[in-house]
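Secondary and tertiary structure notes
The lines below spell out each chain.
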Amino acid sequence: MKKILYIDMDNVLVDFITGIEKIDQQTKIEYEGRLDEVPDIFSLMDPVTGAIESFNELAECYETYILSTSPWENETAWKDKLNWVKKHIGKKGYKRLILTHHKHLNKGDFLIDDRRKNGAGEFEGELIEFGSEAFPDWLTTKNYLLNKLNS
């Protein structure tokens, strides 16, 4: 039986800054402090370097799901996140997207997330803090998880 791996979207699979860079200055001012509420912003984002390749490789040996939070006040975010998965992950992401504000309710072995918010800090498996000193990038994170299979 494969171990279960959850991967967050924002700043783990998806480079949030690339979406911000694509909106105009007026919109940045209007949504200051809440840029995740800009309509359609999630459709503008590019993948984090190495994310797609790592997802595909890990999905070969883990039961892999995308576990993300979607801003409550941005009604396009849910649709944009689904379409992003379809575009960038494709078939390996089919019916693998879970949108929740309570990540700790999901049972699994590992969660890759860049923050401890929305239940990530209470996740019962191992939380891998992406972007931290221990897991600064996808190469380090992927290699750690592949090595865990052999231990």
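To be clear, the structure that these remarks concern was listed above.
Notes on the structure in this doc start here. Every chain is numbered independently, its residues counted from 1 as its sequence is written. Local features in a predicted model are, by the rule used here, given only for residues with pLDDT of at least 70; side-chain atom pairs are given and counted only at 80 or more, and totals for whole chains, interfaces and linings are based on all residues. Excluding hydrogens and water, the side-chain values take into account all heavy atoms of the structure.

Focus: the packing of aromatic side chains
Spelled out, the test is: Aromatic contacts are taken between Phe, Tyr and Trp rings whose centres are within 6.5 Å, Trp giving its six-membered ring; a plane angle under 30 degrees counts as stacked, one over 60 as edge-to-face, and the others as tilted. Helix numbering and strand numbering both begin at the N terminus, where a helix is a DSSP run of H or I of at least 4 residues and a strand a DSSP run of E of at least 2. Charge-over-ring contacts are defined here by two conditions on Lys NZ or Arg CZ: a distance within 6 Å of the ring centre and an angle within 35 degrees of the ring normal.
Counted according to the given criterion, the structure contains six aromatic pairs. Pairing Tyr62 with Phe110 gives two aromatic rings, centres 5.9 Å apart and planes at 90°, and the pair type is edge-to-face. One end of the pair, Tyr62, is in the loop between helix H3 (51–59) and strand E4 (63–68); the other, Phe110, is in strand E6 (residues 110–113), and 48 residues separate them in sequence. The structure contains a cluster of three or more aromatic residues connected by ring pairs, namely Tyr6, Tyr65 and Phe123. Here Arg96 stacks its cationic end above the ring of Tyr65, 4.6 Å away from the centre of that ring.

Considering the pattern of salt bridges
Selection criterion: Put simply, a salt bridge is a Lys or Arg side-chain nitrogen that is within 4 Å of an Asp or Glu carboxyl oxygen.
Scanning all chains against the criterion turns up 13 salt bridges. Where Lys22 meets Asp46, a salt bridge forms, and the shortest distance between an N and an O atom there is 3.2 Å. Residue Lys22 is found in the loop between helix H1 (16–20) and helix H2 (25–30), and its partner Asp46 is found in strand E3 (residues 46–47); the two are separated by 24 residues along the sequence. Put simply, Asp80 and Lys79 hold a salt bridge, and the shortest N to O gap is 3.4 Å.

A few points about unusual backbone geometry
Applied cut-off: Each residue is placed in one exposure class: buried if its accessible area under a 1.4 Å probe, protein chains only, is under 20% of its type's maximum, exposed if it is over 50%, and partly exposed if it falls in between.
Even without being glycine, Lys95 reaches a positive phi, approximately 55°. Following the sequence through the fold, Lys95 ends up in the loop between helix H4 (77–88) and strand E5 (97–99). Lys95 gets classed as exposed once you look at its relative accessible area, which sits at 68%. Here the phi dihedral of Asn118 falls at roughly 55°; this positive angle occurs in a residue that is not glycine. Mapped onto the fold, Asn118 is located in the loop between E6 and strand E7 (126–129).

Comments concerning H4
The condition that has to hold: Multiplying 1.5 Å by the helix residue count minus one yields the expected span of that helix. Note: the arc covers the axis-to-C-beta directions of the helix.
When the terminal C-alpha atoms of H4 are compared, their 16 Å separation across 12 residues agrees well with the 16 Å that a helix rising 1.5 Å per residue should span. The set of residues buried in H4 consists of Ala77, Asp80, Lys81, Trp84 and Val85. Buried residues of H4, viewed axially, fall in a sector of 135°; they line one side. Pointing more than 90 degrees away from the buried face of H4 are the exposed residues Lys86 and Lys87.

Considering helix H5 (residues 138–149)
Worth spelling out the cut-off: What makes two residues a contact is simply this: any of their non-hydrogen atoms within 4.5 Å. Two N or O atoms form a polar contact when they lie within 3.5 Å of each other; inside protein one atom must be a possible hydrogen donor and the other a possible acceptor, and for residues adjacent in sequence the pair counts only when both atoms belong to side chains.
In this model H5 runs 17 Å from its N-terminal to its C-terminal C-alpha over 12 residues, within 8% of the 16 Å that 1.5 Å per residue would give. Taken together, the buried positions of H5 are Trp138, Thr141, Lys142, Leu145 and Leu146. Buried residues of H5, viewed axially, fall in a sector of 130°; they line one side. Opposite the packed face of H5, turned more than 90 degrees from it, sit the exposed residues Leu139 and Asn147. Lining the buried residues of H5 we find strand E1 (4–7), H3, E6 and E7. One side-chain oxygen at the N-terminal end of H5 lies 3.4 Å from the backbone nitrogen of Leu139; it belongs to Asp137.

Regarding the packing of H3 against H5
To describe two helices that pack against each other, one gives the angle between their axes and the distance between the axes. What counts, and what does not: An axis is simply a line fitted to the C-alpha atoms; with a helix, the fit covers only the stretch in contact. Between two such axes, the angle follows the N-to-C directions and lies from 0 to 180 degrees. When describing relative orientation, an angle under 35 degrees is termed roughly parallel and one over 145 degrees roughly antiparallel, while 65 to 115 degrees is termed roughly perpendicular and anything else oblique. Residues are sorted three ways: Asp, Glu, Lys and Arg are charged, Ala, Val, Leu, Ile, Met, Phe, Trp, Tyr, Cys and Pro are nonpolar, and all the rest, Gly among them, are polar.
Contact geometry of H3 with H5 gives a least axis separation of 10 Å together with a crossing angle of 10°. On the basis of their axis angle, the class for H3 and H5 is roughly parallel. Facing H3, whose interface residues are Ala51, Ser54, Glu57 and Leu58, H5 presents Trp138, Lys142, Leu145 and Leu146. Residue composition of the contact of H3 with H5, by class: five nonpolar, one polar and two charged.

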